[in-house]
Amino acid sequence: MVGIRRVLEYVVPDAMFMVMTFSEVFKEFGCKITKMLHPIMTVTVDKSNQIQQISPPTENTFLVSVTYIEFEGIEDDSQIDVFFARIQQHMSALQNAQGSQKSIRLKIIVTGK
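Because the structure is a prediction, the values reported are computed rather than measured.

K.L.:
Just to check I follow, could you spell out the overall build of the protein chain for this structure?
P.N.:
Looking only at helices and strands, the protein chain has 2 helices and 5 strands in total. Reading the protein chain from its N end, one meets helices and strands in the order β-α-β-β-β-β-α. Taken over 113 residues, the protein chain has a buried fraction of 26%. Excluding contacts between residues fewer than 6 apart, the proportion of contacts in the protein chain whose partners are at least 24 apart in sequence is 74%. For the protein chain, the computed accessible surface area is about 7,900 Å², with 58% contributed by carbon and sulfur atoms.

Written out as structure tokens, the structure reads:
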């Protein structure tokens, strides 16, 4: 018997290890991912943050990850809020770490000399 199939859609600035992080959270909750799509694209915005263009990813541009995941394993609707809070927690941590990557790398390089 197939369980309840649910969908998670998430759009955020691209960050390293995003797919691995999603996979680990799903594993923590005993979920089975049945489909995952994770296109990365360049998004150009104007001064008022309105989207001007969406195009294939290119270096040194603002990259956005669009994640679509179909999954099974959470049968109880009361667990969705807990699951979503965990996803939010991890995605916030990833975004914060991504913003710090340059200074982290610089510190590692400087410390190693």
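Read on for the rest.
K.L.:
What am I meant to see in the packing of aromatic side chains here?
P.N.:
Geometry of an aromatic ring pair is reported as the spacing of the ring centres plus the angle between the planes. Evaluation of the coordinates by the stated rule reveals 5 aromatic pairs. Between F26 and F71, the ring centres sit 4.8 Å apart and the planes meet at 75 degrees, which makes this aromatic pair edge-to-face. Of this pair, F26 sits in helix α1 (residues 18-28) while F71 sits in strand β5 (residues 63-72), and the two are 45 residues apart along the sequence. Since its relative accessible area comes to 1%, F26 is described here as buried. Relative to F83, the ring of F29 lies with its centre 5.2 Å away and its plane at 85 degrees, an arrangement referred to as edge-to-face. Residue F29 is located in the loop between α1 and β2 (32-37), and its partner F83 is located in helix α2 (residues 78-111); the two are separated by 54 residues in the primary sequence. Note on accessibility: F29 and F83 belong to one class, buried.

K.L.:
Whenever I open this one, the pattern of salt bridges confuses me. Can you help?
P.N.:
Charged atoms that come close allow side chains of opposite charge to pair. In the structure shown here, the tally under the stated rule is 4 salt bridges. With a shortest N-O distance of 2.8 Å, R5 and E72 are connected by a salt bridge. Of this pair, R5 sits in strand β1 (residues 5-13) while E72 sits in strand β5, and the two are 67 residues apart along the sequence. For R5, a relative accessible area of 47% translates into the label partly exposed.

K.L.:
Would you mind going over the pairing of strand β3 (residues 40-45) with me for this structure?
P.N.:
In summary, the side chains of a regular strand alternate between the two faces of the sheet. As judged from the 3 bridges shared by β3 and β5, these two strands associate in the antiparallel manner. Paired with I40 across the bridge in β5 is S65. Pairing analysis gives 4 bridges linking β3 to strand β4 (residues 51-55), with the strands arranged antiparallel. Bridge assignment links T44 to a residue of β4, and that residue is Q53. Counted along the chain from β3 to the antiparallel partner β4, the turn is 5 residues long, and its residue N49 has a positive phi close to 65 degrees.

K.L.:
Sorry, what's going on with the side chain of R6 here?
P.N.:
Here R6 shows up in strand β1. A polar contact of 2.9 Å, which involves the side chain of R6, links it to the backbone oxygen of I74. Contact partners of R6, with chain neighbours within four places excluded, come to I69, E70, F71, I74, E75, D76, D77 and I80.

What counts, and where the lines are drawn
- By convention here, each chain's residues receive numbers from 1 onward along its written sequence.
- Owing to the predicted nature of the model, reporting of local features is limited to residues with pLDDT of at least 70; listing and counting of side-chain atom pairs is limited to 80 or more, with chain, interface and lining totals taken over all residues.
- Side-chain metrics in this entry use all non-hydrogen atoms of the structure; hydrogen atoms and water are not considered.
- Only DSSP runs of H or I covering at least 4 residues are called helices, and only runs of E covering at least 2 are called strands; the numbering of each starts at the N terminus.
- Only protein chains enter the accessibility calculation, which uses a 1.4 Å probe; a residue is then buried when its area is under 20% of its type maximum, exposed when over 50%, and partly exposed in between.
- Whether two residues touch is decided by their heavy atoms; if any such pair falls within 4.5 Å, the residues are in contact.
- The method behind every accessible area is Shrake-Rupley, applied with a 1.4 Å probe, and residues are considered shielded solely by the protein chains displayed.
- For Phe, Tyr and Trp, rings pair up if their centres lie within 6.5 Å, where Trp contributes its six-membered ring, and each pair is then called stacked (planes under 30 degrees apart), edge-to-face (over 60) or tilted (otherwise).
- We count a salt bridge whenever a side-chain nitrogen from Lys or Arg sits within 4 Å of a carboxyl oxygen from Asp or Glu.
- Two strands pair if DSSP finds at least two bridges between them.
- A 3.5 Å cut-off defines polar contacts: any pair of N or O atoms within that distance qualifies, except that in protein one atom must be a possible hydrogen donor and the other a possible acceptor, and neighbouring residues in sequence count only when both atoms are side-chain atoms.

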